[in-house]
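The chain contents come next:
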Amino acid sequence: MTWTGKSAIGAALVVAALLLAACFAWILSLPSAPAPRVMPMLGQDEADAMIAALKPTKRQRPLVAIIGINDATETTDYLMPYGILRRADIADVVALATERGQVILYPALKVEAEASVAEFDKRHPDGADYVIVPAMSRDDHPLVMQWLKDQAQKGAMIIGVCAGAKVVAAAGLLDGKRATTHWYYLEELLEKHPTIRYVADRRFVVDGRIATTTGITASMPMMLTLIEAIAGADKARQVGQELGLAEWDARHDSRAFTFTRAFALTAITNLVAFWSHEQLGLPLVPGIDEVSLALAADAWSRTYRSQAATFAGNEGAVTSRNGLRILPDQVAMRWPQRERAPDMEDQPPAEVLRRTLETIEARYGSRTADFVAMQLEYPRGAQQ
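All of the points below concern the structure found in this document. Along each chain, residues carry numbers from 1 onward, in the same order as the chain's sequence is written. Owing to the predicted nature of the model, reporting of local features is limited to residues with pLDDT of at least 70; listing and counting of side-chain atom pairs is limited to 80 or more, with chain, interface and lining totals taken over all residues. Note that water and hydrogens are dropped before the side-chain values are worked out from all heavy atoms of the structure.

The buried label goes to any residue with under 20% of its type's maximum accessible area, the exposed label to any with over 50%, and the partly exposed label to all in between, with areas taken from a 1.4 Å probe on protein chains only. Counting from the N terminus, the helices are DSSP H or I runs at least four residues long and the strands are E runs at least two residues long. With six of seven residues buried, strand β14 (residues 306-312) lies mostly within the body of the structure. Where strand β13 (residues 278-283) and β14 come together, six bridges link them in parallel fashion. Residue pairing in the sheet places E278 in a bridge with S306 of β14. With respect to chirality, the unit in which β13 leads through helix α11 (residues 290-300) into the neighbouring parallel β14 is right-handed. Only when DSSP finds a minimum of two bridges between them are two strands counted as paired. Pairing analysis gives two bridges linking β14 to strand β17 (residues 330-331), with the strands arranged parallel. Of the residues in β17, the one forming a bridge with A312 is V331. A right-handed crossover is one whose linking path, passing over the helix from the first strand to the second, runs clockwise when the strands point away from the viewer.

This part takes up the sheet that holds β17. Strand pairs in the sheet, formed through backbone hydrogen bonds, run parallel or antiparallel to each other. Taken in spatial order, the three strands make up an open sheet running β13-β14-β17, and their pairing is parallel. Only two strands of the sheet have a single neighbouring strand rather than two, namely β13 and β17. Residues are treated as being in contact if the distance between any of their heavy atoms lies within 4.5 Å. For helices, the fitted axis covers only the stretch in contact; all axes are lines through C-alpha atoms, and the angles between them, taken along N-to-C directions, range from 0 to 180 degrees. Sheet strands touched by α11: β13 and β14. Its angle to β14, the strand with the most contacts, is close to 140°.

This part covers the packing of aromatic side chains. Between rings of Phe, Tyr and Trp, where Trp is taken as its six-membered ring, a pair exists when centres lie within 6.5 Å; planes separated by under 30 degrees are stacked, by over 60 edge-to-face, and by other angles tilted. Under the definition given, this model contains 11 aromatic pairs. On the basis of an interplanar angle of 75° and a centroid distance of 5.9 Å, the ring pair of F120 and W147 is categorised as edge-to-face. Residue F120 is located in helix α4 (residues 117-123), and its partner W147 is located in helix α5 (residues 142-153); the two are separated by 27 residues in the primary sequence. Neither residue differs from the other here; F120 and W147 are each classed as buried. Between the aromatic rings of W300 and Y364, the centroid separation amounts to 6.2 Å while the plane-to-plane angle is 80°, which identifies the pairing as edge-to-face. Note that W300 is positioned in helix α11 and Y364 in helix α12 (residues 349-364), a separation of 64 residues in sequence. Among the aromatic side chains, those forming a connected cluster through ring pairs are W183, Y184, Y185, F259, F263, Y304 and F371.

Running from N to C, α11 and α12 point in directions that differ by 25°, and their axes come no closer than 9 Å. When the interaxial angle is binned, α11 and α12 end up roughly parallel. The handedness of the crossing between α11 and α12 comes out as right-handed. Between α11 and α12, the contacting residues are V291, S292, L295, A296, A299 and W300 on the first element and P349, V352, L353, T356, T359, I360, R363 and Y364 on the second. Each residue is assigned to one of three groups, with Ala, Val, Leu, Ile, Met, Phe, Trp, Tyr, Cys and Pro labelled nonpolar, Asp, Glu, Lys and Arg labelled charged, and all others, Gly among them, labelled polar. For the contact of α11 with α12, a count of residues per class yields 10 nonpolar, three polar and one charged. In what follows, roughly perpendicular refers to angles from 65 to 115 degrees, roughly parallel to angles under 35, roughly antiparallel to angles over 145, and oblique to any angle outside these ranges. Note on convention: the crossing is left-handed when the near helix lies turned anticlockwise from the far helix by less than a right angle, right-handed when the turn is clockwise.

Dropping the structure here:
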(Lines give C-alpha, C1' and ligand atoms only; values in the text may rest on other atoms or scores of the structure.)
Protein backbone atom coordinates (compact mmCIF):
# COMPACT_ATOMS: atom_id res chain seq x y z
CA MET A 1 0.00 0.00 0.00
CA THR A 2 1.26 3.47 -0.86
CA TRP A 3 1.95 6.15 1.68
CA THR A 4 -1.00 8.13 0.27
CA GLY A 5 -3.29 5.15 0.74
CA LYS A 6 -2.16 4.64 4.32
CA SER A 7 -2.71 8.34 5.02
CA ALA A 8 -6.23 8.19 3.64
CA ILE A 9 -7.07 5.19 5.83
CA GLY A 10 -5.56 6.89 8.85
CA ALA A 11 -7.53 10.06 8.18
CA ALA A 12 -10.75 8.04 7.84
CA LEU A 13 -10.10 6.29 11.14
CA VAL A 14 -9.48 9.62 12.85
CA VAL A 15 -12.75 11.01 11.44
CA ALA A 16 -14.61 7.88 12.55
CA ALA A 17 -13.12 8.15 16.03
CA LEU A 18 -14.10 11.82 16.26
CA LEU A 19 -17.65 11.03 15.13
CA LEU A 20 -17.93 8.25 17.70
CA ALA A 21 -16.62 10.56 20.40
CA ALA A 22 -19.09 13.26 19.40
CA CYS A 23 -21.93 10.73 19.37
CA PHE A 24 -20.94 9.44 22.80
CA ALA A 25 -20.72 12.99 24.17
CA TRP A 26 -24.18 13.76 22.77
CA ILE A 27 -25.65 10.66 24.40
CA LEU A 28 -24.11 11.60 27.75
CA SER A 29 -25.62 15.07 27.45
CA LEU A 30 -29.13 13.66 27.25
CA PRO A 31 -31.22 13.46 30.43
CA SER A 32 -31.83 10.24 32.31
CA ALA A 33 -35.37 8.98 32.68
CA PRO A 34 -37.37 11.11 35.14
CA ALA A 35 -38.93 9.57 38.21
CA PRO A 36 -42.55 8.47 37.62
CA ARG A 37 -45.31 10.61 39.06
CA VAL A 38 -48.73 9.66 40.39
CA MET A 39 -51.14 11.69 38.30
CA PRO A 40 -54.28 13.09 39.93
CA MET A 41 -57.72 12.05 38.75
CA LEU A 42 -59.41 14.32 36.24
CA GLY A 43 -61.93 16.71 37.71
CA GLN A 44 -65.53 15.75 36.97
CA ASP A 45 -66.14 19.02 35.16
CA GLU A 46 -63.24 18.38 32.78
CA ALA A 47 -64.30 14.79 32.14
CA ASP A 48 -67.92 15.82 31.53
CA ALA A 49 -66.83 18.57 29.15
CA MET A 50 -64.84 16.09 27.07
CA ILE A 51 -67.81 13.74 26.80
CA ALA A 52 -70.15 16.59 25.90
CA ALA A 53 -67.81 17.87 23.18
CA LEU A 54 -67.48 14.39 21.64
CA LYS A 55 -71.21 13.70 21.37
CA PRO A 56 -72.55 13.19 17.85
CA THR A 57 -74.41 16.11 16.31
CA LYS A 58 -75.51 14.79 12.90
CA ARG A 59 -76.76 11.18 12.88
CA GLN A 60 -78.37 9.03 15.54
CA ARG A 61 -76.00 6.23 14.49
CA PRO A 62 -72.80 8.09 13.64
CA LEU A 63 -70.62 7.55 10.58
CA VAL A 64 -66.89 7.29 11.31
CA ALA A 65 -64.27 7.58 8.56
CA ILE A 66 -60.66 6.59 9.18
CA ILE A 67 -58.41 8.20 6.56
CA GLY A 68 -55.01 6.91 5.43
CA ILE A 69 -52.65 7.29 2.51
CA ASN A 70 -51.80 4.22 0.50
CA ASP A 71 -48.02 4.27 0.74
CA ALA A 72 -47.48 4.62 4.50
CA THR A 73 -49.91 5.10 7.38
CA GLU A 74 -49.14 4.18 10.99
CA THR A 75 -50.27 0.64 11.81
CA THR A 76 -51.96 0.99 15.20
CA ASP A 77 -53.27 4.50 14.56
CA TYR A 78 -55.23 3.09 11.60
CA LEU A 79 -56.31 -0.31 12.90
CA MET A 80 -57.02 0.30 16.59
CA PRO A 81 -59.84 2.85 16.09
CA TYR A 82 -61.33 0.64 13.38
CA GLY A 83 -61.27 -2.52 15.49
CA ILE A 84 -62.51 -0.92 18.70
CA LEU A 85 -65.38 1.01 17.14
CA ARG A 86 -66.45 -1.93 14.98
CA ARG A 87 -66.38 -4.16 18.07
CA ALA A 88 -68.57 -1.67 19.93
CA ASP A 89 -71.11 -1.59 17.05
CA ILE A 90 -72.32 1.86 17.97
CA ALA A 91 -71.37 3.54 14.67
CA ASP A 92 -70.81 2.76 11.00
CA VAL A 93 -67.05 2.66 10.48
CA VAL A 94 -65.19 2.71 7.19
CA ALA A 95 -61.44 2.48 6.53
CA LEU A 96 -60.52 4.89 3.74
CA ALA A 97 -57.44 5.67 1.71
CA THR A 98 -56.63 8.34 -0.82
CA GLU A 99 -56.99 5.68 -3.51
CA ARG A 100 -58.76 2.33 -3.55
CA GLY A 101 -56.53 -0.71 -3.03
CA GLN A 102 -53.64 -1.69 -0.81
CA VAL A 103 -52.63 0.45 2.17
CA ILE A 104 -49.09 -0.16 3.35
CA LEU A 105 -48.97 0.39 7.08
CA TYR A 106 -45.88 1.43 9.01
CA PRO A 107 -43.97 -0.26 10.60
CA ALA A 108 -45.85 -3.45 9.65
CA LEU A 109 -48.92 -4.95 7.94
CA LYS A 110 -50.77 -4.37 4.68
CA VAL A 111 -54.54 -3.98 4.39
CA GLU A 112 -57.13 -3.19 1.74
CA ALA A 113 -58.96 0.11 2.03
CA GLU A 114 -62.72 -0.30 2.08
CA ALA A 115 -63.19 2.78 -0.09
CA SER A 116 -61.34 5.74 -1.53
CA VAL A 117 -62.15 9.25 -0.32
CA ALA A 118 -63.80 9.94 -3.68
CA GLU A 119 -66.07 6.91 -3.28
CA PHE A 120 -66.87 7.94 0.29
CA ASP A 121 -67.79 11.47 -0.80
CA LYS A 122 -70.07 10.11 -3.52
CA ARG A 123 -71.90 7.87 -1.03
CA HIS A 124 -71.96 10.43 1.80
CA PRO A 125 -72.07 13.96 0.35
CA ASP A 126 -73.04 15.36 3.74
CA GLY A 127 -69.79 14.04 5.24
CA ALA A 128 -68.89 11.92 8.25
CA ASP A 129 -69.76 12.50 11.89
CA TYR A 130 -66.19 11.69 12.94
CA VAL A 131 -62.96 11.59 10.94
CA ILE A 132 -59.99 9.82 12.51
CA VAL A 133 -56.58 10.90 11.24
CA PRO A 134 -53.59 8.59 11.87
CA ALA A 135 -49.93 9.48 11.48
CA MET A 136 -48.85 9.37 7.84
CA SER A 137 -45.56 9.34 5.95
CA ARG A 138 -46.28 12.89 4.84
CA ASP A 139 -48.24 15.54 6.67
CA ASP A 140 -49.32 17.57 3.66
CA HIS A 141 -50.82 15.15 1.14
CA PRO A 142 -52.89 17.54 -1.05
CA LEU A 143 -55.91 15.25 -1.30
CA VAL A 144 -55.94 14.63 2.47
CA MET A 145 -55.58 18.36 3.20
CA GLN A 146 -58.57 19.33 1.08
CA TRP A 147 -60.68 16.40 2.24
CA LEU A 148 -60.10 17.20 5.93
CA LYS A 149 -61.04 20.83 5.36
CA ASP A 150 -64.19 19.76 3.53
CA GLN A 151 -65.16 17.30 6.26
CA ALA A 152 -64.63 19.92 8.97
CA GLN A 153 -66.80 22.38 7.04
CA LYS A 154 -69.52 19.71 6.82
CA GLY A 155 -69.50 19.43 10.63
CA ALA A 156 -67.33 16.34 11.22
CA MET A 157 -65.43 15.99 14.47
CA ILE A 158 -61.76 15.61 13.47
CA ILE A 159 -59.66 13.34 15.71
CA GLY A 160 -55.90 13.39 15.16
CA VAL A 161 -54.33 10.24 16.60
CA CYS A 162 -50.68 10.39 17.65
CA ALA A 163 -48.63 12.25 15.00
CA GLY A 164 -51.84 12.53 13.01
CA ALA A 165 -52.04 15.85 14.84
CA LYS A 166 -49.38 17.08 12.42
CA VAL A 167 -51.67 16.23 9.50
CA VAL A 168 -54.62 18.00 11.14
CA ALA A 169 -52.40 21.02 11.83
CA ALA A 170 -51.12 21.09 8.25
CA ALA A 171 -54.74 21.38 7.12
CA GLY A 172 -55.03 24.51 9.29
CA LEU A 173 -57.51 22.93 11.70
CA LEU A 174 -55.41 23.26 14.88
CA ASP A 175 -54.66 26.98 14.67
CA GLY A 176 -55.37 28.51 18.06
CA LYS A 177 -56.57 25.18 19.46
CA ARG A 178 -55.56 23.30 22.59
CA ALA A 179 -53.88 20.08 21.49
CA THR A 180 -51.30 17.37 22.09
CA THR A 181 -49.38 14.84 19.99
CA HIS A 182 -46.75 12.09 20.21
CA TRP A 183 -43.92 13.32 22.46
CA TYR A 184 -41.30 12.84 19.73
CA TYR A 185 -43.05 15.24 17.33
CA LEU A 186 -44.23 17.85 19.82
CA GLU A 187 -41.39 20.34 19.26
CA GLU A 188 -41.77 20.07 15.48
CA LEU A 189 -45.53 20.60 15.71
CA LEU A 190 -45.21 23.72 17.85
CA GLU A 191 -42.42 25.19 15.70
CA LYS A 192 -44.50 24.86 12.53
CA HIS A 193 -47.77 25.92 14.17
CA PRO A 194 -46.92 28.34 17.00
CA THR A 195 -50.54 29.28 17.74
CA ILE A 196 -51.31 25.76 18.99
CA ARG A 197 -51.73 25.69 22.78
CA TYR A 198 -50.07 22.53 24.01
CA VAL A 199 -51.74 20.72 26.91
CA ALA A 200 -49.42 18.53 28.99
CA ASP A 201 -50.35 15.52 31.14
CA ARG A 202 -53.35 14.52 29.03
CA ARG A 203 -53.49 11.46 26.74
CA PHE A 204 -56.08 13.22 24.66
CA VAL A 205 -57.33 16.78 24.38
CA VAL A 206 -60.67 17.96 23.00
CA ASP A 207 -61.18 21.55 21.82
CA GLY A 208 -64.45 22.23 20.05
CA ARG A 209 -64.78 19.93 17.06
CA ILE A 210 -61.11 18.88 17.14
CA ALA A 211 -59.49 16.20 19.30
CA THR A 212 -55.86 15.07 19.45
CA THR A 213 -54.03 12.34 21.32
CA THR A 214 -50.54 11.59 22.54
CA GLY A 215 -48.59 8.61 21.19
CA ILE A 216 -49.78 5.47 19.46
CA THR A 217 -51.48 3.58 22.31
CA ALA A 218 -53.56 6.62 23.31
CA SER A 219 -56.08 5.76 20.63
CA MET A 220 -57.43 3.03 22.95
CA PRO A 221 -58.61 5.36 25.76
CA MET A 222 -59.60 7.93 23.12
CA MET A 223 -61.89 5.43 21.37
CA LEU A 224 -63.39 4.25 24.66
CA THR A 225 -64.17 7.86 25.57
CA LEU A 226 -65.74 8.34 22.15
CA ILE A 227 -67.87 5.23 22.73
CA GLU A 228 -69.01 6.70 26.05
CA ALA A 229 -69.96 9.95 24.32
CA ILE A 230 -71.98 8.09 21.67
CA ALA A 231 -73.53 5.22 23.63
CA GLY A 232 -73.00 5.86 27.34
CA ALA A 233 -70.67 4.83 30.16
CA ASP A 234 -72.01 1.28 30.50
CA LYS A 235 -71.24 0.51 26.86
CA ALA A 236 -67.76 1.98 27.18
CA ARG A 237 -67.09 -0.13 30.29
CA GLN A 238 -68.27 -3.26 28.48
CA VAL A 239 -65.96 -2.66 25.53
CA GLY A 240 -63.13 -1.67 27.86
CA GLN A 241 -63.44 -4.98 29.70
CA GLU A 242 -63.40 -6.85 26.38
CA LEU A 243 -60.21 -5.00 25.47
CA GLY A 244 -58.66 -5.83 28.84
CA LEU A 245 -58.97 -2.40 30.45
CA ALA A 246 -60.83 -2.09 33.72
CA GLU A 247 -60.50 1.69 33.71
CA TRP A 248 -59.05 4.50 31.61
CA ASP A 249 -59.17 8.26 31.32
CA ALA A 250 -57.15 11.15 29.94
CA ARG A 251 -54.52 11.19 32.72
CA HIS A 252 -50.96 11.08 31.43
CA ASP A 253 -47.48 11.73 32.77
CA SER A 254 -46.09 13.68 29.81
CA ARG A 255 -42.76 14.23 31.55
CA ALA A 256 -42.12 10.46 31.51
CA PHE A 257 -41.89 10.45 27.71
CA THR A 258 -38.85 12.23 26.36
CA PHE A 259 -35.63 11.64 24.46
CA THR A 260 -33.47 10.11 27.19
CA ARG A 261 -29.92 8.79 27.34
CA ALA A 262 -31.17 5.20 27.56
CA PHE A 263 -33.53 5.69 24.61
CA ALA A 264 -30.77 7.00 22.34
CA LEU A 265 -28.23 4.39 23.42
CA THR A 266 -30.71 1.53 22.86
CA ALA A 267 -31.63 2.84 19.41
CA ILE A 268 -27.99 3.02 18.34
CA THR A 269 -26.82 -0.28 19.80
CA ASN A 270 -29.81 -2.24 18.50
CA LEU A 271 -29.57 -0.68 15.06
CA VAL A 272 -25.88 -1.34 14.55
CA ALA A 273 -26.14 -4.97 15.73
CA PHE A 274 -27.34 -5.92 12.26
CA TRP A 275 -26.05 -9.47 12.53
CA SER A 276 -28.64 -10.24 15.22
CA HIS A 277 -31.67 -8.74 13.48
CA GLU A 278 -34.53 -11.16 12.80
CA GLN A 279 -37.91 -11.42 11.13
CA LEU A 280 -40.70 -12.70 13.35
CA GLY A 281 -43.71 -14.44 11.83
CA LEU A 282 -47.29 -13.60 12.78
CA PRO A 283 -49.88 -16.04 11.39
CA LEU A 284 -52.88 -14.53 9.63
CA VAL A 285 -56.03 -16.53 10.32
CA PRO A 286 -59.65 -15.67 9.48
CA GLY A 287 -61.30 -13.72 12.28
CA ILE A 288 -58.03 -12.45 13.74
CA ASP A 289 -58.47 -9.48 16.06
CA GLU A 290 -57.07 -6.53 14.13
CA VAL A 291 -56.37 -4.54 17.32
CA SER A 292 -54.28 -7.32 18.88
CA LEU A 293 -52.50 -7.93 15.58
CA ALA A 294 -51.69 -4.24 15.18
CA LEU A 295 -50.32 -3.89 18.71
CA ALA A 296 -48.14 -7.00 18.43
CA ALA A 297 -46.84 -6.21 14.94
CA ASP A 298 -46.17 -2.58 15.85
CA ALA A 299 -44.30 -3.47 19.03
CA TRP A 300 -42.11 -6.19 17.50
CA SER A 301 -41.26 -3.91 14.58
CA ARG A 302 -40.03 -1.11 16.85
CA THR A 303 -37.31 -3.02 18.71
CA TYR A 304 -34.67 -2.15 16.08
CA ARG A 305 -33.83 -5.86 16.44
CA SER A 306 -36.84 -7.45 14.76
CA GLN A 307 -39.45 -6.89 12.07
CA ALA A 308 -42.88 -8.48 12.16
CA ALA A 309 -44.09 -10.29 9.03
CA THR A 310 -47.49 -11.86 8.54
CA PHE A 311 -47.87 -15.19 6.76
CA ALA A 312 -50.75 -17.28 5.45
CA GLY A 313 -51.23 -20.38 3.31
CA ASN A 314 -52.10 -18.37 0.19
CA GLU A 315 -51.63 -14.84 -1.09
CA GLY A 316 -55.27 -13.83 -0.80
CA ALA A 317 -56.45 -11.35 1.81
CA VAL A 318 -57.58 -12.68 5.19
CA THR A 319 -60.69 -11.13 6.71
CA SER A 320 -60.27 -9.92 10.28
CA ARG A 321 -62.70 -10.16 13.18
CA ASN A 322 -64.42 -6.94 12.16
CA GLY A 323 -64.31 -7.28 8.41
CA LEU A 324 -61.03 -5.69 7.34
CA ARG A 325 -59.07 -7.50 4.63
CA ILE A 326 -55.43 -8.00 5.65
CA LEU A 327 -52.80 -9.07 3.11
CA PRO A 328 -50.04 -11.51 4.14
CA ASP A 329 -46.43 -10.46 3.72
CA GLN A 330 -45.41 -14.00 2.82
CA VAL A 331 -47.14 -17.14 1.60
CA ALA A 332 -46.16 -19.99 3.94
CA MET A 333 -47.97 -22.83 5.67
CA ARG A 334 -45.70 -22.62 8.71
CA TRP A 335 -42.91 -20.54 10.23
CA PRO A 336 -39.87 -21.70 12.21
CA GLN A 337 -40.98 -21.86 15.85
CA ARG A 338 -37.94 -19.97 17.12
CA GLU A 339 -38.78 -17.10 14.76
CA ARG A 340 -42.51 -16.93 15.48
CA ALA A 341 -44.05 -14.26 17.64
CA PRO A 342 -46.09 -15.71 20.53
CA ASP A 343 -49.70 -16.62 19.72
CA MET A 344 -52.33 -14.00 20.57
CA GLU A 345 -55.44 -16.15 20.50
CA ASP A 346 -58.00 -15.74 23.30
CA GLN A 347 -56.20 -12.75 24.83
CA PRO A 348 -57.73 -9.26 25.01
CA PRO A 349 -55.72 -6.63 23.10
CA ALA A 350 -54.40 -4.82 26.19
CA GLU A 351 -53.08 -8.14 27.49
CA VAL A 352 -51.51 -8.87 24.08
CA LEU A 353 -49.53 -5.65 24.29
CA ARG A 354 -48.47 -6.27 27.89
CA ARG A 355 -47.33 -9.82 27.11
CA THR A 356 -45.61 -8.72 23.90
CA LEU A 357 -43.53 -6.21 25.86
CA GLU A 358 -42.72 -8.89 28.43
CA THR A 359 -41.61 -11.25 25.65
CA ILE A 360 -39.52 -8.51 24.06
CA GLU A 361 -37.88 -7.95 27.45
CA ALA A 362 -37.14 -11.67 27.79
CA ARG A 363 -35.72 -11.83 24.26
CA TYR A 364 -33.81 -8.56 24.00
CA GLY A 365 -33.63 -7.10 27.51
CA SER A 366 -35.49 -4.53 29.58
CA ARG A 367 -33.91 -1.55 27.80
CA THR A 368 -35.40 -2.66 24.48
CA ALA A 369 -38.83 -3.26 26.02
CA ASP A 370 -38.72 0.23 27.55
CA PHE A 371 -37.51 1.61 24.21
CA VAL A 372 -40.55 0.14 22.44
CA ALA A 373 -42.94 1.35 25.15
CA MET A 374 -41.47 4.84 24.82
CA GLN A 375 -42.14 4.85 21.07
CA LEU A 376 -45.70 3.66 21.65
CA GLU A 377 -46.04 6.24 24.44
CA TYR A 378 -47.33 3.41 26.55
CA PRO A 379 -47.19 3.82 30.34
CA ARG A 380 -45.83 0.41 31.34
CA GLY A 381 -47.09 -0.69 34.73
CA ALA A 382 -49.29 2.35 35.13
CA GLN A 383 -52.76 3.57 34.26
CA GLN A 384 -53.44 2.58 30.63
